[in-house]
Amino acid sequence: MRTIGLIGGMSFESSAVYYRLINEMVRERCGGLSSAELLMHSVNFEDIVALQKAGDWPSAGVRLGDVALRLQNAGADCVLIGSNTMHLVADDVSSRVDIPLLHIIDETAKALDAAHRRRPLLLATRYTMEHGFYTERMKRRGMEMLVPDAADRIVVHDIIFNELCAGKILDSSRRTLHAIIEKARDNGADSIILGCTEICLILDPDHLPLQGFDTTKIHARAAVDFALGG
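Here is what the cut-offs are and how they apply
- Residues numbered from 1 in each chain as written.
- Predicted model: local features only at pLDDT ≥ 70, side-chain atom pairs only at ≥ 80, totals over all residues.
- Heavy atoms only, no water.
- Helix = DSSP H or I, 4+ residues; strand = E, 2+ residues; numbered from the N terminus.
- Rg over C-alpha atoms; globule rule 2.2 N^0.38 Å.
- Buried < 20%, exposed > 50% of the residue type's maximum accessible area, 1.4 Å probe, protein only.
- Contact = heavy atoms within 4.5 Å.
- Areas by Shrake-Rupley, 256 points an atom, 1.4 Å probe, with all protein chains shown as cover.
- Lys, Arg positive; Asp, Glu negative; His and termini not counted.
- Charge placed at Lys NZ, Arg CZ, Asp CG, Glu CD.
- 1 Å grid on protein atoms, 1.4 Å probe; cavity = no way out; pocket = protein on both sides within 12 Å on 5 of 7 lines; lining within 4 Å.
- Points joined across faces, edges and corners; volume = space filled by probe spheres on them.
- Pairing = 2+ DSSP bridges.
- Axes fitted to C-alpha atoms, helices over the stretch in contact; angles between N-to-C directions.
- Nonpolar A, V, L, I, M, F, W, Y, C, P; charged D, E, K, R; others polar.
- Parallel < 35°, antiparallel > 145°, perpendicular 65-115°, else oblique.

Engineer: Could you give me a rundown of the overall build of the protein chain, with the residues and numbers involved?
Structural biologist: Of the regular secondary structure elements, the protein chain holds 10 helices and six strands. Computed over C-alpha atoms, the radius of gyration of the protein chain comes to 17 Å, within 12% of the 17 Å expected from 2.2 N^0.38 for 230 residues, which places it in the range of a compact globule. For the protein chain, the proportion of its 230 residues judged to be buried stands at 53%. For the protein chain, long-range pairs separated by at least 24 residues make up 76% of all intrachain contacts whose partners lie at least 6 apart in sequence. Entry remark: accessible area of the protein chain is about 10100 Å², with carbon and sulfur atoms responsible for 46%. Of the side-chain charges in the protein chain, 25 are positive and 31 negative, and the distance between the mean point of each set is 2 Å.

Engineer: For the layout of surface pockets, give the residues involved together with the corresponding values.
Structural biologist: Counted as a void, the largest pocket has a volume near 260 Å³. In terms of lining residues, the largest pocket is bounded by 15 residues, among which C200, P205, D206, D214 and K217 are the most central. Contributions of two or more residues to the lining of the largest pocket are made by helix 1 (12-30), strand 6 (212-214) and helix 10 (215-228).

Engineer: Outline the side chain of S173, supporting the account with residue identities and numerical values.
Structural biologist: Along the chain, S173 falls in helix 9 (residues 171-186). By relative accessible area, which is 4% here, S173 ends up buried. With residues up to four places along the chain from it excluded, the contact list for S173 reads I159, E163 and I202.

Engineer: Explain unusual backbone geometry residue by residue, including any values.
Structural biologist: Backbone geometry follows two general trends: most residues other than glycine have a negative phi, and most peptide bonds adopt the trans configuration. With an omega of 0 degrees, the peptide bond between M10 and S11 qualifies as cis. Backbone geometry places H116, a non-glycine residue, at a positive phi of 60 degrees. Examined against the element boundaries, H116 turns out to sit in the loop between helix 5 (104-114) and strand 4 (120-123).

Engineer: I'd like a rundown of the sheet that holds strand 1 (residues 4-8), residues and numbers included.
Structural biologist: What the three strands build is an open sheet, ordered 2-1-3; its pairing is parallel. Only two strands of the sheet have a single neighbouring strand rather than two, namely strand 2 (38-42) and strand 3 (78-81). Within this sheet the neighbouring strands show an average axis-to-axis angle of 20 degrees, counted without direction. Bridge count between strand 1 and strand 2: five bridges; the pairing is parallel. Paired with L6 across the bridge in strand 2 is M40. Packed onto the sheet, helix 10 meets strand 1 and strand 3 and runs at close to 175 degrees relative to strand 3.

Engineer: Give me empty space enclosed by the protein: which residues, what numbers.
Structural biologist: In the structure shown here, the tally under the stated rule is one cavity of 30 Å³ or more. Looking at the largest cavity, its volume works out to about 70 Å³. Along its surface, the largest cavity is lined by 14 residues, and M10, S83, T85, T125 and E198 are the ones closest to its centre. For the lining of the largest cavity, the secondary-structure elements that each account for two or more residues are helix 2 (45-54) and helix 8 (150-163). Across the lining of the largest cavity, the residue classes tally to six nonpolar, seven polar and one charged.

Engineer: Summarise the packing of helix 2 against helix 3 (residues 57-74); cite the residues concerned and give the values.
Structural biologist: Two elements in contact, helix 2 and helix 3, have axes whose closest approach is 8 Å; the angle formed by their N-to-C orientations is 150 degrees. Classified by the angle between their axes, helix 2 and helix 3 sit roughly antiparallel to one another. Residue-level contacts link I48, L51 and Q52 of helix 2 to W57, S59, A60, R63 and L64 of helix 3. Of the residues assigned to the contact of helix 2 with helix 3, the class counts are five nonpolar, two polar and one charged.

Rendered as structure tokens:
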């Protein structure tokens, strides 16, 4: 079994989900009391959020690149950034190490392609929905990304940062997200990308108005595939 390196803490709520999913998948595949060979460096999310708000993505890339290098030096055979938003600096992180970076957007695109979905709605932070890095990378794989309108993007962003990252799961917010999905369905979306690693805390991808793709679970599965050799 190869060792997974996870850059976590963004937020720790989703990192806990990563840890559980990865270990459950390894146990399911290997049997008995099997668990993953996994190294996690959990950063202080408050520091990362300050860089996000300042638009200082170069410094964020350096910070996460340093963490990736520490994981490599500690024995990790691959590295994951446990956050959709911070894949904005994925190339900077990847350039600091010699081990592969398992890219959450690429893995999600594979899942969409396998399900023959081409017009997904992206639910994520405003950084992810508005900076274009997600849309452009998906476009290379033949996907036409949709995002909520400006007002709904603010709503989704606030639910993520003010509630989910703080461990708050509100039924009212779940209903709000379902309404946004229904609007996208009426506008031609054929699927939903849960494009923030915390959204799985409030939305079940199997119980949505459209087929849902949980990026946290998809990313965790890719890590286990790598660790176990396919």
